[in-house]
Structures are given as structure tokens and as C-alpha cells.
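# Overview (structure and organization)
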Amino acid sequence: MTNQVTVYSTDTCPYCTMMKNFLEQNDVAYTEVNVQHDQAAANRLVQATGQMGVPQTNINGEWVLGFDPTRVSELLNA
């Protein structure tokens, strides 16, 4: 099964960079949505999670708030 991974990020977020680097180092394909440049995506993100902070990563429909490599690994291997 291929994991569906989307990272919601901004240009200036160091934890977003850490999340993307973690996924790349583990050969996980992901889609990035930059909410700093896409206000509609930012609005959808808040509606979906109730959170404005980034990174927020959606893995197969489950949300991970912040840089949490342990939770990301759990979801990727579920």
C-alpha cells in the first residue's frame, strides 16, 4: 500500500523543514502545501484540524501536529 502523505507548511517554519527532511531521509513521497502562499488551503487546514500551527502532516487521513517522527513512523507502518 502506498501511503498518502501531505505536509502543510510555511517558508519560515524550521519544524516544517525538519518534517520534510525526515520524510525524504526515509524515502517517503509526500505532497507539500504551503499555507503561507495558499490562503484557501490554510482555511481548509484550520477547518479540518482546528489548528493554525505548522507543520501539520496528513498520513492516510490521520493528522500529526508538529514534528513528531515517532507518530509519523507509526502511521506509515500501520
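Residues numbered from 1 in each chain as written. Predicted model: local features only at pLDDT ≥ 70, side-chain atom pairs only at ≥ 80, totals over all residues. Heavy atoms only, no water.

## Concerning the overall build of the chain
- Check the secondary structure of the chain and you find 3 helices and 4 strands.
- Put simply, the chain has 78 residues, and 37% of those count as buried.
- Counting contacts in the chain only where the partners sit at least 6 residues apart, residues at least 24 apart contribute 58% of the total.
- Accessible area for the chain stands at about 4,800 Å²; split by element, carbon and sulfur atoms hold 47% of it. (Helix = DSSP H or I, 4+ residues; strand = E, 2+ residues; numbered from the N terminus. Buried < 20%, exposed > 50% of the residue type's maximum accessible area, 1.4 Å probe, protein only. Contact = heavy atoms within 4.5 Å. Areas by Shrake-Rupley, 256 points an atom, 1.4 Å probe, with all protein chains shown as cover.)

## As for the environment of G66
- Inspection of the secondary structure assignment puts G66 in the loop between β4 (62-65) and α3 (69-76).
- As for G66 and G53, which are separated by 13 residues in sequence, their C-alpha atoms are 7.6 Å apart.
- Setting aside residues no more than four positions away along its own chain, G66 makes contact with M19 and P55.

## A word on the nonpolar core
- Counting 11 residues, the largest nonpolar core is built from V5, V7, M19, F22, L23, V28, I59, V64, V72, L75 and L76.
- Those elements that provide at least two residues to this core are β1 (5-9), α1 (14-25) and α3. (Core = buried A, V, L, I, M, F, W, Y, C linked by side-chain atoms within 4.5 Å.)

## Description of the pairing of strand β3 (residues 56-59)
- Residues Q56 and N58 of β3 are buried on one face, and the alternating residues T57 and I59, pointing to the opposite face, are buried as well.
- Across 4 bridges, β1 lies against β3 in antiparallel orientation. Bridge assignment links Y8 to a residue of β3, and that residue is Q56.
- The sheet contact formed by β3 and β4 spans 4 bridges and is antiparallel. Paired with N58 across the bridge in β4 is W63.
- Hairpin connection of β3 to β4: 2 residues between the antiparallel strands, including N60 at a positive phi of 50 degrees. (Pairing = 2+ DSSP bridges.)

## Quick look at the sheet that holds strand β2 (residues 31-34)
- Read across the open sheet, the 4 strands follow the order β2-β1-β3-β4; overall the sheet is mixed. Of all strands in the sheet, those bounded by a partner on one side alone are β2 and β4. Ignoring strand direction, the axes of neighbouring strands in this sheet form an average angle of 20 degrees.
- Pairing between β1 and β2: 4 bridges, direction parallel. (Axes fitted to C-alpha atoms, helices over the stretch in contact; angles between N-to-C directions.)

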